[in-house]
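# Reading the structure
Letter by letter, the chains look like this.
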Amino acid sequence: MTLTNDSDESVRVPSIFRFHLQDPAGRGSTSEYLSSVEDLEYDELAPGGSPVSGSVCFDDPGQSGEYVVLGEGLFGFSDTTRIGWVTER
């Protein structure tokens, strides 16, 4: 994933552990750290700064259907922002 900051203030890049996967059966799982890939790193992103990229990985349950990736509280413990992506497999 790639994150950019189009605001006038610095924002925190979320930890990979703030992302969750919901499989077609409705079961949820948290992201996993894999040493073989470049994970999204928790950091500060300056206003107008260069985009930050990295991977957010999950175990593959091997099911066909709709998957939902959710990100909650991405920019701090008091943050209530929720974002999501839906994909079909």
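In this report, we go over the structure that sits alongside the text. Only a predicted model underlies this, so the values are computations on that prediction, with no experimental measurement involved.

## Examining the overall build of the chain
- On a plain count of helices and strands, the chain comes out with zero helices and eight strands.
- Moving toward the C terminus, one meets the helices and strands of the chain in the order β-β-β-β-β-β-β-β.
- Sorting the 89 residues of the chain into buried and exposed places 25% on the buried side.
- Contacts in the chain between residues at least 24 apart in sequence constitute 61% of all its contacts with a sequence separation of at least 6.
- Summed over its atoms, the accessible surface of the chain is roughly 5,900 Å², and 47% of this surface lies on carbon and sulfur atoms.

## Remarks on the sheet that holds strand E8 (residues 82-88)
- Across the sheet, four strands lie side by side as E4-E3-E7-E8; this open sheet has antiparallel pairing. This sheet does not close on itself; its edge strands, each paired only once, are strand E4 (28-30) and E8. Looking at each pair of strands side by side, their axes are set apart by 20 degrees on average, direction ignored.
- Looking at chain direction, strand E3 (residues 19-22) and strand E7 (residues 66-72) are connected through four bridges and run antiparallel. Across the sheet, the residue bridging to Leu21 is Val69, located in E7.

## As for the pairing of E7
- Two strands pair when backbone bridges link them, and E7 and E8 are joined in this way by seven bridges, in the antiparallel orientation. Within E8, the residue paired with Tyr67 across the bridge is Thr87.

## A closer look at the packing of aromatic side chains
- Taken as a whole and assessed by the stated rule, the structure comprises one aromatic pair.
- With a centroid separation of 6.3 Å and 35 degrees between ring planes, the pair formed by Phe19 and Trp85 is classed as tilted. Linking Phe19 in strand E3 with Trp85 in strand E8, this pair joins segments that are 66 residues apart in sequence.
- Judged by relative accessible area, Phe19 falls into the buried class, the value being 1%.
- A relative accessible area of 38% places Trp85 in the partly exposed class.

## Remarks on the side chain of Asp23
- Take Asp23: it is sitting in the loop between E3 and E4.
- Among the polar contacts made by the side chain of Asp23, one reaches the main-chain amide nitrogen of Ala25 at a distance of 2.9 Å.
- When neighbours within four sequence positions are excluded, Asp23 is seen to be in contact with Pro61, Gln63, Glu66 and Tyr67.

The rules we used
- Residues numbered from 1 in each chain as written.
- Predicted model: local features only at pLDDT ≥ 70, side-chain atom pairs only at ≥ 80, totals over all residues.
- Heavy atoms only, no water.
- Helix = DSSP H or I, 4+ residues; strand = E, 2+ residues; numbered from the N terminus.
- Buried < 20%, exposed > 50% of the residue type's maximum accessible area, 1.4 Å probe, protein only.
- Contact = heavy atoms within 4.5 Å.
- Areas by Shrake-Rupley, 256 points an atom, 1.4 Å probe, with all protein chains shown as cover.
- Pairing = 2+ DSSP bridges.
- Axes fitted to C-alpha atoms, helices over the stretch in contact; angles between N-to-C directions.
- Phe/Tyr/Trp six-rings, centres within 6.5 Å; stacked < 30°, edge-to-face > 60°.
- Polar contact = N/O pair within 3.5 Å; in protein donor to acceptor, adjacent residues only side chain to side chain.

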